[in-house]
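Summary of structural features
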Amino acid sequence: MALLGVNIDHVATVRQARQTDEPDPIWAAAEAELGGADGITFHLREDRRHINDRDARLLRETVGVKLNMEMAIADEIVDIAVNLKPDQSTLVPERREELTTEGGLDVVRHHDRVAKAVKRLRDAGITVSAFIEPVTEQIEASADVGFEAVELWTGAYAHAKTPGELDAALDELRRGIDAGHRAGLEVLGGHGLTYRNIAPVAAMPGFAEFNIGHSIVARSVFVGIRKAVREMKRLLTLHAPRSS
Ligand code: PXP
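An account of the accompanying structure is given in this report. (Residues numbered from 1 in each chain as written. Predicted model: local features only at pLDDT ≥ 70, side-chain atom pairs only at ≥ 80, totals over all residues. Heavy atoms only, no water.)

Some remarks on the overall build of the protein chain
- In terms of regular secondary structure, the protein chain is built from eleven helices and eight strands.
- Taking 244 residues into account, the globule formula puts the C-alpha radius of gyration at 18 Å, and the protein chain, at 17 Å, falls close to it.
- Within the protein chain, buried positions represent 52% of all 244 residues.
- Across the protein chain, every contact between residues at least 6 apart in sequence was considered, and the portion connecting residues at least 24 apart equals 68%.
- For the protein chain, the exposed surface amounts to about 11,400 Å²; the carbon and sulfur share of it is 51%. (Helix = DSSP H or I, 4+ residues; strand = E, 2+ residues; numbered from the N terminus. Rg over C-alpha atoms; globule rule 2.2 N^0.38 Å. Buried < 20%, exposed > 50% of the residue type's maximum accessible area, 1.4 Å probe, protein only. Contact = heavy atoms within 4.5 Å. Areas by Shrake-Rupley, 256 points an atom, 1.4 Å probe, with all protein chains shown as cover.)

Topic: the packing of helix 10 (residues 214-223) against helix 11 (residues 225-238)
- Where helix 10 contacts helix 11, the axes come no closer than 7 Å and their chain directions differ by 125°. Put simply, helix 10 runs oblique to helix 11. In the crossing of helix 10 with helix 11, the sense of the turn from one axis to the other is right-handed. The residues of helix 11 that touch helix 10, namely those facing Ile216, Arg219, Ser220 and Val223, are Ile225, Lys227, Ala228, Val229, Glu231 and Met232. (Axes fitted to C-alpha atoms, helices over the stretch in contact; angles between N-to-C directions. Parallel < 35°, antiparallel > 145°, perpendicular 65-115°, else oblique. Left-handed = near helix turned anticlockwise from the far one by under 90°.)

Some remarks on the sheet that holds strand 5 (residues 127-132)
- Read around the closed barrel, the eight strands follow the order 1-2-3-4-5-6-7-8; overall the barrel is parallel. Each adjacent strand pair in this sheet contributes to an overall mean axis angle of 25°, direction not counted.
- With four bridges connecting them, strand 4 (residues 88-91) and strand 5 associate as parallel partners. Bridged to Thr90 within strand 5 is Ser129.
- The strands touched by helix 4 (residues 75-84) within the sheet are strand 2 (39-43), strand 3 (66-71) and strand 4, with strand 3 carrying the most contacts at an inclination of about 170°.
- Along the sheet face, helix 5 (residues 111-123) touches strand 3, strand 4 and strand 5 and points at about 170° away from the line of strand 4. (Pairing = 2+ DSSP bridges.)

So, helix 3 (residues 53-62)
- Those residues of helix 3 lying buried are Asp55, Ala56 and Leu59. Along the axis of helix 3, the buried positions cluster into a sector of 100°, meaning they face one direction only.
- Residues of helix 3 that are buried sit in contact with helix 1 (9-18), helix 2 (25-34), strand 2, strand 3 and helix 4.
- Measuring from the side-chain oxygen of the N-cap residue of helix 3 to the backbone nitrogen of Arg54 gives 3.1 Å; that N-cap residue is Asn52. (Arc of directions from axis to C-beta. Polar contact = N/O pair within 3.5 Å; in protein donor to acceptor, adjacent residues only side chain to side chain.)

Remarks on the packing of aromatic side chains
- Per the counting criterion, the structure on display carries one aromatic pair.
- A centroid spacing of 4.9 Å and a plane angle of 55° characterise the contact between Phe207 and Phe210, whose relative ring orientation is tilted. Like Phe210, Phe207 is buried.
- Between Arg219 and the ring centre of Tyr195, over which it is positioned, the NZ or CZ distance is 5.8 Å. (Phe/Tyr/Trp six-rings, centres within 6.5 Å; stacked < 30°, edge-to-face > 60°. Lys NZ or Arg CZ within 6 Å of the ring centre and 35° of its normal.)

Observations regarding the site of the ligand
- Residues in contact with the ligand amount to 13 residues; listed here are only the nearest, Glu70, Glu151, Gly192, Gly213 and His214.
- Within the contact set of the ligand, an oxygen atom lies 3.4 Å away from a side-chain nitrogen or oxygen of Asn7.
- Within the backbone of Gly192, an N or O atom sits 2.8 Å from an oxygen atom of the ligand.
- Protein chains shield 93% of the accessible area of the ligand, which is 390 Å² for the free molecule.
- Across the shell around the ligand, the residue classes break down as three nonpolar, eight polar and two charged. (Near = heavy atom within 4 Å. Nonpolar A, V, L, I, M, F, W, Y, C, P; charged D, E, K, R; others polar.)

Quick look at unusual backbone geometry
- The step from Glu22 to Pro23 runs through a cis peptide bond, and the omega angle for that step is 0°.
- Locating Pro23 in the fold gives a position in the loop between helix 1 and helix 2.
- Not every positive phi belongs to a glycine, and Gln19 is a case in point at roughly 45°.
- Looking at where Gln19 falls in the secondary structure, it is placed in the loop between helix 1 and helix 2.
- In this model, His191 sits at a positive phi of 110°, which is unusual for a non-glycine residue.
- Assignment of secondary structure puts His191 in the loop between strand 7 (186-190) and helix 9 (198-202).
- The exposure class of His191 is buried, given its relative accessible area of 19%.

Focus: helix 10
- If you check which residues of helix 10 are buried, you get Ser215, Ile216, Val217 and Ser220.
- The secondary structure elements touched by the buried residues of helix 10 are strand 1 (3-7), helix 1, strand 8 (209-212) and helix 11.
- A positive phi of about 90° marks Gly224, the residue just after helix 10.

The structure is reproduced here in structure tokens:
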């Protein structure tokens, strides 16, 4: 069964809406752990629009499950990660004008810069994952630059409007999982996954973990984070591939 990483950035987004000290994403992480999260994910963006340096430091001190830091390949952020030592760094593209991470990192195009960041992070003992589109070329380039894992962008599946688009996106993810495993990589998935659309991807053999943020934080407004996480964990169990 795939593990669940819970992205808590949105809790910090609400705090920043008033530039105050509540809700605290550190509390959210603790609640998510109590709900059964296998990992806590946060994105320290260059513009610090939600998670800030204090949050990153306290998350490292307090999170007991896998701590996954999403980050751009910018030198300043790589320096912070090397000192912070999250269990895992997920390298993502970052554009200032975007609402959230859109699409995957282009490892083929930025090969040398990415390879340099990967080496620095791995030398610091951090597992490094690439957030990429499920495209064979990107997956093979990720293995080539030294990533140990890839998180396949599930956005095409999540945004599919017709049954044809849905099937094509699921096929692409299946091929991505195979290509990842052939290249010796652990394969994770994330972006746009919700309580409504998780079943088909949860049922797909080969995903080691899903990273989910928006849908869980949205549901937690009504039921609390602990319960929202528990409900998503239950869906992952219910729909897990038979063999796992
Ligand atoms: N994985 C990565 C690499 C992301 O950047 C994000 C969004 O921050 C997620 C997963 C979670 O996406 P969502 O908030 O749509 O669940």
